[in-house]
Amino acid sequence: MSNDAATAANATSTRITTPTGTTPTAEGPDTEPPALGLGVSLPPADARAKTEGTFPYAADLWAEGLLWAAVLRSPHPHARILSIDTSAAVEMTGVRAVITHEDIPGETAYGRRIVDRPVFASDLVRHHGEPIAAVAADHPDTARLAAAAIAVEYEILDPVTDPEKAFAAEPLHPDGNLIRHIPLRYGDPEVTGEVVVEGLYRIGRQDPAPIGAEAGLAVPRPDGGVEIYTASTDPHTDRDLAAACFGLEPDRVKVVVTGVPGATGDREEPGFQLPLGLLALRTGCPVKLAATREESFLGHSHRHPTLLRYRHHADAEGRLVKVEAQILLDAGAYADSSSESLAAAVAFACGPYVVPHAFIEGWAVRTNNPPSGHVRGEGAMQVCAAYEGQMDKLAAKLGIDPAELRLRNALSTGDILPTGQTVTCPAPVAELLESVRDFPLPALPKDSPEDDWLLPGGPEGAGEPGAVRRGVGYALGMVHMLGAEGADEVSTATVRVHDGIATVICAAVETGQGFSTLARQVVQETLGIEEVHVASVDTDQPPAGPATHGRHTWVSAGAVERAAKMVRTQLLQPLAHKFGMSTELLQIADGKITSYDGVLSTTVTEAMDGKELWATAQCRPHPTEPLDESGQGDAFVGLAFCAIRAVVDVDIELGSVRVVEMAIAQDVGRILNPSQLATRIEAGITQGIGAALTENLRSARGLIRHPDLTGYALPTALDAPEIRIVKLIEERDVVAPFGAKPASAVPVVTSPAAVAAAVRAATGRPINRLPIRPQAAVAASNS
């Protein structure tokens, strides 16, 4: 069945409904059937439901006897809890349960990688917004009033908010303040270059800012277990964390994935799900939580704010000799994915350039700042902004064109990373850069009143055309595919065919990256069946892992392909045996089976003859290894690269910036869905522009300032520039299924650095902080 149909079926079995109760199809009555298979722009099956507002998101779910949850969060970034008095909340009319750390039957802390984050704070509060207690009531307003009525007595402590001071500060956690230290040593430390440039760079705290805030519904089961309906991007890990917290076996906890309203990282923090399940088990009733935007900002993880110090050595021709760097990631209160983010930052600290000697020190530390975690391109984005700033400094000092300097140092297949790993995948870095460099520049704006909308600041902007300067900047970026450092990247899928309809069962969550559409295309390509449905995801299915680092394009779609090929063999073997030929001599296309010589010609439906065929398969890429004590090791399955040329207009008096155009060239391995690929690239660039110019979740002494979409400025359609996809290089990675590479992370990584480079070119200022503040974009002669 389709995603929507399967979700509706699950909803029926647990008395859960959407507002409309309907499950519309993607195609209207006058829509022509799309082309089938890989390489075509097959539209998403859920496109119509999403545009009409009938797609079943978690915030829309309902159940008979529903209670509402609210969470009390700490108003302090660092405090000792002296007492918690819940009596006033318990006595309120309509309140059904109030729980604190004392009411957790199982593990009181959780963590996807390091178990260090409490479900509810018990003795210490370590960040602003940390959960203290949760309430279930018969009305959402009652639940919030009851949560506010809980009296907590705090002893306020001085917060540690400067990550540089975390090394010497009192431990914020029993595990200490240092989460990980990676010293990378590659080459000769005594080597120096003829030209040396140094820089200090700061990257701000970008929020995932999902379109829909976190929501979920927990339904108790008759066997004493619980089902949790939420937009999880890693349901099996979430189930295991929940089961440990609830004191239950994993098979008594079920996570059902609802519609995901966009995700650029770990979509649902367990901190939103665990109170739901505890309240449902305590009350015996379904319990729903729909977070406000403020709660969303306070509760989930953000991109790591990062401090980077760099020193680049080069010869007189501009060829890199040595890179030295110190990278400090602010993990916030808990570890989360900081270890993995640090590994990416250290490994890619030199960028897609040939560097014979590299010495990098990387640290991730705990502070009392908001928690940091997985956000698309984590680690790689921060260092890209820094090493590209260094390349611009080096080009200026040597008097070499910035693009030419980058070309002289560009990485290629067969080169060695500073981690000692050989680049075995396609790495057409120079070709990518040449493509954007040679692409025609956009026309200059006219200095006339009718074109005032072109000014930085938009229509009616305060600036004057004479103060506007245009800048052009370049950046090269790289990301790794799949998990790293020994992560077991396995996924399982089942393909079932009956009555001319194929169904894909795989626990890979559709987060907007297009997996459901790709799975349909894979089955269409392999079996020639037009109607393919992708079942909804829950933890009764075998695990497929998290929806990060392009995993599902590789391992999950790879598992679907293997299962579909097994079904293909089951389908063709009887025919091949009957006609005395091998299955390799038969082909399936447009729903027909034909032999190479034309003797056999039949339809897939006729060959099925009412039978049901199915197969289950796994896909697991080749193993990787952790970085050793010198930062060496084959830590990555594969790499993806892109080049971006940014064109900006800057008002050098006001410091306002308008991104005019972003030209991108990217190595994609193979284009599986052209429309979907273009959309992913454009979305990635836009997210990167936000990190470059507007997005910074600000905090003062650990307190988040303006945790809403008024104080946190996301780029809108009016902020998006012309995005020119100049070239997509289809040089297939032979170890990847279909040869494809992930599409959206590397534009996010590279675009902030490109915008910063363009602003440097326009203003002559160093631009060493993201997002770029107006005072930093005022030209040197006007500062």
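Everything in this summary refers to the structure shown in the same document. Predicted, not measured: the structure shown is a model, and the values here were computed from it.

## What about helix α12 (residues 515–527)?
Turning to step 1, where the next piece is worked out: Relative to the 18 Å expected for 13 residues at 1.5 Å per residue, α12 spans 18 Å between its end C-alpha atoms, a close match to the ideal helical length.
Turning to step 2, where the next piece is worked out: For α12, the set of buried residues is F515, S516, T517, L518, A519, R520, Q521, V522, V523, Q524, T526 and L527.
Turning to step 3, where the next piece is worked out: Once α12 finishes, G528 follows within two positions and takes phi at roughly 70 degrees, a positive value.

## Brief notes about the packing of aromatic side chains
Turning to step 1, where the next piece is worked out: Per the counting criterion, the structure on display carries seven aromatic pairs.
Turning to step 2, where the next piece is worked out: Judged by centre distance (6.1 Å) and plane angle (65 degrees), the rings of W62 and W68 are edge-to-face.
Turning to step 3, where the next piece is worked out: Residue class for W68 comes out buried when judged on its relative accessible area of 16%.
Turning to step 4, where the next piece is worked out: Against the face of F55 rests K50, its NZ or CZ located 4.9 Å from the ring centre.

## Observations regarding empty space enclosed by the protein
Turning to step 1, where the next piece is worked out: The final tally for this structure, using the stated rule, is ten cavities of 30 Å³ or more.
Turning to step 2, where the next piece is worked out: For the largest cavity, the calculated volume is near 510 Å³.
Turning to step 3, where the next piece is worked out: The wall of the largest cavity is formed by 33 residues, among which Q513, T553, R680, A743 and S744 lie closest to the centre.
Turning to step 4, where the next piece is worked out: Class assignment for the residues of the lining of the largest cavity results in twelve nonpolar, 16 polar and five charged.

## Points about a negative patch on the surface
Turning to step 1, where the next piece is worked out: Where like charges cluster on the molecular surface, the negative patch consists of E625, D628, E629 and D634.
Turning to step 2, where the next piece is worked out: Residue E629 is classed as exposed on the basis of its relative accessible area, which comes to 64%.

## Here we look at the layout of surface pockets
Turning to step 1, where the next piece is worked out: If you add up the space inside the second largest pocket, you get close to 1,100 Å³.
Turning to step 2, where the next piece is worked out: Lining the second largest pocket are 45 residues, and of these I211, G262, G512, R680 and A683 sit closest to its centre.
Turning to step 3, where the next piece is worked out: Contributing elements (two or more residues each) for the lining of the second largest pocket: α2 (47–52), α12, β23 (532–534) and α15 (674–693).
Turning to step 4, where the next piece is worked out: For the lining of the second largest pocket, the element with the highest residue contribution is α15, accounting for seven residues.

Basis of the calculations
Residues numbered from 1 in each chain as written. Predicted model: local features only at pLDDT ≥ 70, side-chain atom pairs only at ≥ 80, totals over all residues. Heavy atoms only, no water. Helix = DSSP H or I, 4+ residues; strand = E, 2+ residues; numbered from the N terminus. Expected span 1.5 Å × (residues − 1). Buried < 20%, exposed > 50% of the residue type's maximum accessible area, 1.4 Å probe, protein only. Phe/Tyr/Trp six-rings, centres within 6.5 Å; stacked < 30°, edge-to-face > 60°. Lys NZ or Arg CZ within 6 Å of the ring centre and 35° of its normal. 1 Å grid on protein atoms, 1.4 Å probe; cavity = no way out; pocket = protein on both sides within 12 Å on 5 of 7 lines; lining within 4 Å. Points joined across faces, edges and corners; volume = space filled by probe spheres on them. Nonpolar A, V, L, I, M, F, W, Y, C, P; charged D, E, K, R; others polar. Patch = residues over 30% accessible without salt bridge, like charges linked within 9 Å, V, L, I, M, F, W, Y side chains within 5 Å. Areas by Shrake-Rupley, 256 points an atom, 1.4 Å probe, with all protein chains shown as cover. Salt bridge = Lys/Arg side-chain N within 4 Å of Asp/Glu carboxyl O. Lys, Arg positive; Asp, Glu negative; His and termini not counted. Charge placed at Lys NZ, Arg CZ, Asp CG, Glu CD.

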